[in-house]
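Remarks on the overall topology
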Amino acid sequence: MKILRNISFGQYIPRDSLIHNLDPRIKILSCLAIIVSLFLITKFSGYLILGNFVLISIIISKVHPKFVFRGLRPILFIILFTLIIHLFMTEGKVIYQLGFLKITQEGLIKGLLISFRLFILILATSLLTLATSPISLTDGIERLLAIFKFIGVPAHEIAMMMTIALRFIPTLLEETEKIMKAQISRGADFESGNIFNRAKNLIPILIPLFVNAFRRADELAIAMEAKCYRGGEGRTHYRELKIKKADILTFTFTVIVTVMVSIMF
Amino acid sequence: MFIHIENMRFTYSLGMPFETEVLKDINLEIDKGEFVGLIGHTGCGKTTLIQHFNGLLTPTSGKIYVEGVDLNKKGVNLKLIRQKIGLVFQYPENQLFEETIYQEIAFGPKKLGLPEEKIEKRVREALKMVDLDYNFYVERSPFSLSGGEMRRVALASILSIRPKMLILDEPTANLDPQGRDNILSEIKKIHYNFGMTVVLVSHNMEKVAETVKRLLVMYRGEIIMDGTPQEIFERHANDLIKVGLGLPQVTECMHKLKAKGKDVYTGVLTVDDAEREVLKKMKKPLKR
């Protein structure tokens, strides 16, 4: 049951820091700027600057680095996999050879570059979700998407769906754990057997989980209707997002850094 | 001794920002054939405690033995332990998943690798224990039942493993009074007729107190009282109120009588007992 304990995605860690208090729109846009420049950079020095930029942001956010780096764990395999593929599959100057496998200089450089890229990408996005409460995150997304309303993007509805989905992740995890425990108590076994048996063993978890999720969705819909929910039109916000001085400064700084590294490296 | 616990502690999310100590220094012994009620306020650690009994949770420190077997030792066959200790979760109807009630109840025995004819015998036996008619129910879908029936089927699906000890977490939650009485009388029957060791977990004094023979009271991760319900209600009434549990209505009534200067025994659990006690203490017996 350890699987369910260590999911850090979407986990918000409340702190009182500059990063936490930024406008969510600024945080999302800054994160986007970092991601875009990550894909434009082609040199190590560029990654070094951006990496340090993200690391400093982590320190400013007062979130323990342990939690940010925990986000890396699930994709560590992907990083390693791409590194290995690049190491062995790129043509070029051979620096090491073992039988038919050969490592080339170009492969090493390319592999490391891509690894750094993924590494910084995950760090930046983890920090975004760790330092922004789900509510303000979806609020920010709603306001940002509102720009595209004229081409028919239902910004409010999308944001509402995201809020609900985020809200129910912990609930469903908790429930999964409870059902797993209940079925283990009845003699179910989730830890042994081959892959087909294991998949089959999931049925006693999945069916109750779905039944409960549908029931819950139904109840939620009725509750929302009872409170006269009718979509985004004419809806006001309890907390209005306001751009402050710190937001403008942070965003300007981020844009300058990302544009500079993208152009120079 | 069936279950033996020494200085057990448990902390949730150890090393995480939301770390909380749920169990603090639990010492407990439960013998074979006992009928125990575990009561405490919501969030006091009852559910966490019973999940240690069959190895679903591992204590942060301390020891727990089931029939002399140390559950934390490496290589312990937890499957065997879970077969001995049947744990019925809160709202067990939420774990039903099979197409028919027969399959639902046969799930446990099947996992034990029993032959088909033995499985059928166990399904019949389990349905009988919860007072459901075999022929009427076996082919129906568990999702077509009423809440009370679903809960009984879920209970039967644990009983079919033939555990030596049955633990029930809030078995009466969300049931109407009649459903509650039915479940409790079935649990009583399972204890008295089949000699099963039973642990009943609840936050509600009423009814549970008059059902069990021994009462454990939990408060903030500790067991603060241990004794027969009569003893506890007679001696610790004020402490019970202090920890937010309160007394069953009749017991409270007797305590109030005593406070008014009537010398009555306050450890009563049922209205009948209370009537007898009051009549005994009246100067002139009432004529009926």
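Cut-offs and rules
Sequence order sets the numbering: in each chain, residues are counted from 1 along the sequence as written. Starting at A for chains and at 1 for ligands, labels are handed out in the order in which the entities are written. Reporting in this predicted model follows two pLDDT cut-offs: at least 70 for local features of residues, and 80 or more for side-chain atom pairs to be given and counted; totals over whole chains, interfaces and linings ignore these cut-offs and use all residues. Just so you know, side-chain values use all the structure's heavy atoms and leave hydrogens and water out. Secondary structure elements follow DSSP: runs of H or I no shorter than four residues count as helices, runs of E no shorter than two count as strands, and numbering proceeds from the N terminus. Each residue's exposure class comes from its accessible area (1.4 Å probe, protein chains only) as a fraction of the maximum for that residue type: buried when under 20%, exposed when over 50%, partly exposed otherwise. Using a 1.4 Å probe, the Shrake-Rupley method yields the accessible areas, and only the shown protein chains count as cover for residues. We place a 1 Å grid over just the protein atoms. Points where a 1.4 Å probe fits but has no way out form a cavity, open points with protein on both sides within 12 Å along at least 5 of 7 lines form a pocket, and any residue with an atom within 4 Å of a point lines it. Grid points are joined across faces, edges and corners, and a volume is the space filled by probe spheres set on the points. Ten residues, namely Ala, Val, Leu, Ile, Met, Phe, Trp, Tyr, Cys and Pro, are considered nonpolar, four, namely Asp, Glu, Lys and Arg, are considered charged, and the remaining ones, Gly among them, are considered polar. Boundary definitions for the domains trace back to an automatic or database domain assignment. We define buried area as the total accessible area lost by two parts upon association, computed with a 1.4 Å probe and summed across both. A side-chain nitrogen of Lys or Arg and a carboxyl oxygen of Asp or Glu constitute a salt bridge if their distance falls within 4 Å. Distance and chemistry together define a polar contact, namely a pair of N or O atoms within 3.5 Å, with one atom able to donate a hydrogen and the other to accept it when in protein, and with adjacent residues in sequence counting only for side-chain atoms on both sides. Should DSSP find at least two bridges between two strands, the strands are taken to pair. Only heavy atoms enter the contact rule, under which two residues are in contact if any of them lie within 4.5 Å. Here an angle of 0 to 180 degrees is reported between the N-to-C directions of two axes, which are lines fitted to C-alpha atoms, with helices fitted over the stretch in contact. Each crossing gets its hand from how the near helix is turned against the far one by less than a right angle, where anticlockwise is left-handed and clockwise is right-handed.

Attention shifts here to the overall build of chain B. For chain B, the count of helices and strands is 12 helices and 10 strands. Counting across all 288 residues of chain B, residues that qualify as buried make up 50%. Entry remark: accessible area of chain B is about 14000 Å², with carbon and sulfur atoms responsible for 49%.

Residues and elements named next belong to chain B. Here the structure, examined in full by the defined rule, presents 1 cavity of 30 Å³ or more. Lining the largest cavity, in full, are Val88, Phe89, Pro92, Arg151, Leu155, Leu168, Asp169, Pro171 and Ile183. Here the residues of the lining of the largest cavity sort into 7 nonpolar, no polar and 2 charged.

Right, let's talk about the domain arrangement of chain B for a bit. Residues and elements named next belong to chain B. Looking at the assigned domains, one finds that chain B contains domain 1 (3-245) and domain 2 (248-288). Summed over both partners, the interface of domain 1 with domain 2 buries about 830 Å², with 67% contributed by carbon and sulfur atoms. In this assembly, domain 1 and domain 2 are joined by 0 salt bridges. On inspection of domain 1 and its partner domain 2, the count reaches 1 residue pair in polar contact (both at pLDDT 80 or more). Of all the secondary-structure elements, those providing two or more residues to the side of domain 1 that touches domain 2 are α8 (208-211) and α9 (229-235). Among the elements that make up the side of domain 1 that touches domain 2, the one with the highest residue count is α9 (4 residues).

Turning to the sheet that holds strand β5 (residues 69-70) of chain B, a few remarks are in order. For sheets, the rule is that strands pair by backbone hydrogen bonds, running either parallel or antiparallel. All names here are of chain B. Here we have 4 strands laid out as an open sheet, ordered β2-β1-β4-β5, and antiparallel in their pairing. Among the strands making up the open sheet, the edge pair consists of β2 (20-30) and β5. Relative to strand β1 (residues 3-12), helix α1 (residues 46-53) is tilted by about 125°, and along the sheet it contacts β1, β2 and β4 (61-66).

Residue and element names in this part refer to chain A. Size it by volume and the second largest pocket reaches roughly 570 Å³. In terms of lining residues, the second largest pocket is bounded by 21 residues, among which His156, Met160, Thr163, Tyr229 and Arg235 are the most central. Elements with a contribution of two residues or more to the lining of the second largest pocket: α8 (134-145), α9 (155-185) and α11 (203-226). The element best represented in the lining of the second largest pocket is α9, accounting for 7 residues. Tallied by class, residues from the lining of the second largest pocket come to 10 nonpolar, 5 polar and 6 charged.

The subject of this paragraph is the environment of B:Leu257. Mapping B:Leu257 onto the fold places it in helix α11 (residues 249-259). Along the backbone, B:Leu257 and B:Val278 are 21 residues apart, and their C-alpha atoms lie at a distance of 9.5 Å.

Residues and elements named next belong to chain B. Relative to each other, helix α3 (residues 101-111) and helix α4 (residues 116-129) sit at 115°, their axes nearing to 9 Å. The handedness of the crossing between α3 and α4 comes out as right-handed. For the pair formed by α3 and α4, the contact residues are Ile101, Tyr102, Ile105, Ala106, Pro109 and Lys110 on the first element and Glu116, Ile119, Glu120, Arg122, Val123, Ala126 and Leu127 on the second.

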